[in-house]
There are 4 protein chains.
Amino acid sequence: MPKRKDHLTSDIGWSTADQITVRGLDLPSEILGEMNLGDLAFLLTAHRKPTPEESKVFNAIVITLVEHGITPSAMVARLTYMGAPESLQGAVAAGLNGLGTVFVGSMEGAARMLYEALPAERKGQGADLDAIAREVVADHAARKAIVPGLGHPLHKPVDPRTPRLFEIAAENGLSGDYVALMQAIQREAEAARGKALPINATGAIGAICCEFGFPWQIVRGFGVMARSIGLVGHLLEERSDPMAFELWQRTEEEILRNSGPQAG
Amino acid sequence: MPKRKDHLTSDIGWSTADQITVRGLDLPSEILGEMNLGDLAFLLTAHRKPTPEESKVFNAIVITLVEHGITPSAMVARLTYMGAPESLQGAVAAGLNGLGTVFVGSMEGAARMLYEALPAERKGQGADLDAIAREVVADHAARKAIVPGLGHPLHKPVDPRTPRLFEIAAENGLSGDYVALMQAIQREAEAARGKALPINATGAIGAICCEFGFPWQIVRGFGVMARSIGLVGHLLEERSDPMAFELWQRTEEEILRNSGPQAG
Amino acid sequence: MPKRKDHLTSDIGWSTADQITVRGLDLPSEILGEMNLGDLAFLLTAHRKPTPEESKVFNAIVITLVEHGITPSAMVARLTYMGAPESLQGAVAAGLNGLGTVFVGSMEGAARMLYEALPAERKGQGADLDAIAREVVADHAARKAIVPGLGHPLHKPVDPRTPRLFEIAAENGLSGDYVALMQAIQREAEAARGKALPINATGAIGAICCEFGFPWQIVRGFGVMARSIGLVGHLLEERSDPMAFELWQRTEEEILRNSGPQAG
Amino acid sequence: MPKRKDHLTSDIGWSTADQITVRGLDLPSEILGEMNLGDLAFLLTAHRKPTPEESKVFNAIVITLVEHGITPSAMVARLTYMGAPESLQGAVAAGLNGLGTVFVGSMEGAARMLYEALPAERKGQGADLDAIAREVVADHAARKAIVPGLGHPLHKPVDPRTPRLFEIAAENGLSGDYVALMQAIQREAEAARGKALPINATGAIGAICCEFGFPWQIVRGFGVMARSIGLVGHLLEERSDPMAFELWQRTEEEILRNSGPQAG
């Protein structure tokens, strides 16, 4: 049971007649025109402005999460919009609801695995990453668990986002023990399984989030904010080139054919 | 009734084993590290990369919409998270659902009013903006309708975001007839009503969206994508400094006091 | 701008250590075992217990709204559940978001049309329903508007729910001027259009809601509560006989075929 | 990874021009006028009509879940409706999103605990319920876990819903080993803890769901369908006696006072 409070507080920001402050910065003079949208997301997450290098890397990881084609979330947003075109926000909300354990779990899972294998205070202390990686892979094998962040049904033998994300991280000083550990885990897993297991985008993002020091619980939030941008893009296309009605009609017809009075 | 389709299509993007394309750009090489999050939102809306000037202005207008303190949406997200902390996406979805006509209507309304008063094809043709503004104000007065984009309950006599947004637009070549018309409407409305009616942030954003040429129906989408970033920020704070439980307890106690068996 | 309040109140109910009251009734002794679920929905809407006759009719109209096969809402709930199976509530929430103007509008619209044509205070006063119906149909024709509650893409020449709903209403004393007016409107519309225009279920329900005296704005709420029951049913089936993954894969493959690098 | 399917199927129902079937029953003649809303929910869950006795008990347990006063969900629905009054469905959807592990977890948890302690095939075979209860309580104590379904912050020493639900179950032949085991667990827990631990409504409902034989994973669905009815009731009250604006203003003012420029 949570505790009662006499005073509600929030450090996110405040407004008076002539001032608007977000995380301690004056919105008109210190944010507008000075920061980009990804920087503001960083500010609201890390509670400080990103350095130019951090800005590069953070924008890249959030951008990676924005758009993945016709995902179930995109289908959901489009089908919802067909029924309630007056409520674009409801269609985006519906689409976000599906970003649960199945789709964003592996990004969280990769970050969590890395933090548990190499706690933040041991970062940069010369830990034996290969040995840690062997333990991680053996532990997952013993539990018959999938190693999060490895493998992709489509992108083989390499997920094209991963080398680019790691390159951007390295160019900007955000490639350290966690990226190296993720790569070591990949090598160990490939050796143990005898097949190619590319680090997928969620594995790369999970590792880079650890380089930033973000708690793994926050990582899902990056997916949610990113995807809401992507879903708005899908709804704009649904206005001009709709697919929802056709998806519905085909499904209804097929169900009637297979399960209706004439079936079997 | 919509029409049936033999072929479903989408121009948003596609993926193959080694390529990922978003709106015609190669994600790894042309987007990651090359664009910021606001630029990607522009790409998904306008279907082309923004120029550096457009990037500045577009990032500023979307950023303006991200964070507004303890709004009903923020309260909703926090109260939802208290009951379902395993589902951050559901809490953001709940918060977005409230971004309807009451809160985002005035931004849409300002853009729509400007387009109806000055259709896009008449932009930059030397229209008599003062005369148009008089008609707009008289028309709203006759219908006893509020002029969208003017006035603010807190920010008086000036909404501090508006001059800064107009400045950024002007510095980047995006201040033309629509910004001027919004300002003319303000002058006419103030003269007619005999009181200060600042152009608020939604009025400024509506006008700048018209400068970009965005259809007014799209404008709500910018609010939705922006606010989802802000709501993630609120949920991160709710994890460390919660207010939802206290809000609930106080309300329940007050209702019991005022409407319970001991009341009246 | 709404007004401030010193005292928040609610008449829905209250709880103390040993009592729970809903709309003035003692939950354990006056509701549990005494009422069915539809009766409780009536209590929360009409603020009194239904008579046995009202219970029959009200349960029938809400039941009619529960289940309509593979609707867009059902597809949305199933697709959402695939991504977040830990959050059944989120999948139902997603499905509800699509119950907007397109799908529930005609039920609201029918009730509204009937109230506007025959205000409640003129009910049962011997109004000339045929004359009113002619005006209603002519007015819709002049505005090129569809008469809400008439016609159905599948159920022709009769929507099989309508005669049964009207029969139940008649057997229980809830068939009066509004049901008769809806039927008169059908006759006039069929004569004017020269084709069969069955009163569909939403038209029947709209008319019966007017017999109850429910404000038309409430009618959508019956659809929302009913459909949430239906959506839970779909999610239970999705657990044992899923269709969401297949729907997704087919769509993604088709889009890649039609809009991917090999297209055109 | 789920499997692909050549044929999508659904046993929920189908419609043709003159027939509508739900779970094998003809909607107009076998459901409308013949069943109440709770019976239909049972049909969609259990895939058969309830007996009159089952109807009594099932309606009672779902009704118990409908209305709990000013819960966080009710606050969420009301706050959302203030911003988007055109979208009642979105406000209900927002409210449902909070029905996660914190609020509906204990109902699921009670059913799961009972099934794990007494698998369905051992029901009615004369198991030593006291011995099982001792083990359950000892096991929870060893894990420092709360026993789900026991205790209530307000309803002491008895939750007034529980004896009535058990009475209705007993009168209708649905009180067997699971209800007895829940009661035995209560006695053991009270003895072990040395204080009153009433079986709360979720414990009673969990036990009765086991008597029905419902899988524990389904139980949350009853909460979701019930609460959507309750939330519609709250939104109808919010239309006539709003509290959302006041809740918002108070919170915003308090945050400004405690965390704004004048604070501390």
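Only a predicted model underlies this, so the values are computations on that prediction, with no experimental measurement involved.

Colleague: What's the story with the relation of the copies chain C and chain D in this structure? I'm lost.
Modeller: Superposing the two chain copies requires a rotation about an axis and a translation along that axis. Screw-axis analysis of chain C against chain D gives a translation of 0.0 Å along the axis, an RMSD of 0.0 Å, and a rotation angle of 180°. Such a turn and shift between the copies fits a two-fold axis. Considering only C-alpha atoms, the residue of chain C closest to the rotation axis is C:Ala93, which sits at 2.1 Å. Here 99% of the interface residues in chain C have copies in chain D that are interface residues too; the copies meet face to matching face.

Colleague: Looking at this structure, I do not really get the sheet that holds strand β3 (residues 25–26) of chain B. What am I missing?
Modeller: Strand pairing in a sheet takes place through backbone hydrogen bonds and is either antiparallel or parallel in direction. Residue and element names in this part refer to chain B. Pairing is antiparallel in the open sheet, where 3 strands are placed in the order β1-β2-β3. Either end of the sheet is taken by a strand with one partner, and the two such strands are β1 (13–15) and β3. Here strand β2 (residues 20–22) pairs with β3 via 2 bridges, running antiparallel. When the bridges of β3 are listed, valine 22 appears paired with leucine 25.

Colleague: Looking at this structure, I do not really get the domain arrangement of chain A. What am I missing?
Modeller: Often, the extent of an interface is quoted as the loss of accessible area upon association of its parts. Residues and elements named next belong to chain A. The domains assigned to chain A are domain 1 (12–50) and domain 2 (59–242). Measuring from the centre of the C-alpha atoms in domain 1 to the corresponding centre in domain 2 gives 27 Å. Summed over both sides, the interface of domain 1 with domain 2 buries roughly 470 Å², with 75% coming from carbon and sulfur. When residues of domain 1 are sorted by the area they lose upon contact with domain 2, Ala41, Phe42 and Thr45 head the list and together hold 66% of the total. Where domain 1 meets domain 2, there are 0 salt bridges. Where domain 1 packs against domain 2, one counts 2 residue pairs in polar contact (both at pLDDT 80 or more). Here the side of domain 1 that touches domain 2 is built from residues that sort into 4 nonpolar, 3 polar and 1 charged.

Colleague: Sorry if this is basic, but what is going on with the sheet that holds strand β3 (residues 25–26) of chain C here?
Modeller: Residue and element names in this part refer to chain C. Here we have 3 strands laid out as an open sheet, ordered β1-β2-β3, and antiparallel in their pairing. On the outer flanks of this sheet lie β1 (13–15) and β3, each paired with one strand and no other. As paired strands, β1 and strand β2 (residues 20–22) are joined by 3 bridges and run antiparallel to one another. Counted as the bridge partner of glycine 13 is valine 22 from β2.

Colleague: Looking at this structure, how should I read the nonpolar core?
Modeller: Ranked by size, the top nonpolar core spans 160 residues in total, and within it C:Ile185 and D:Ile185 carry the most contacts. Excluding residues that lie within four positions of it along the chain, C:Ile185 makes contacts with C:Met113, C:Leu114, C:Ala133, C:Val136, C:Val137, C:Val147 and C:Leu150. With 159 residues, the next largest nonpolar core counts A:Leu88, B:Leu43, B:Leu44 and B:Leu235 among its residues.

So, how was this worked out
- Residues numbered from 1 in each chain as written.
- Chains lettered and ligands numbered in written order.
- Predicted model: local features only at pLDDT ≥ 70, side-chain atom pairs only at ≥ 80, totals over all residues.
- Heavy atoms only, no water.
- Least-squares fit on C-alpha atoms with pLDDT ≥ 70 in both.
- Contact = heavy atoms within 4.5 Å.
- Pairing = 2+ DSSP bridges.
- Helix = DSSP H or I, 4+ residues; strand = E, 2+ residues; numbered from the N terminus.
- Domains from an automatic or database assignment.
- Buried area = accessible area lost by both parts, 1.4 Å probe.
- Salt bridge = Lys/Arg side-chain N within 4 Å of Asp/Glu carboxyl O.
- Polar contact = N/O pair within 3.5 Å; in protein donor to acceptor, adjacent residues only side chain to side chain.
- Nonpolar A, V, L, I, M, F, W, Y, C, P; charged D, E, K, R; others polar.
- Core = buried A, V, L, I, M, F, W, Y, C linked by side-chain atoms within 4.5 Å.
- Buried < 20%, exposed > 50% of the residue type's maximum accessible area, 1.4 Å probe, protein only.

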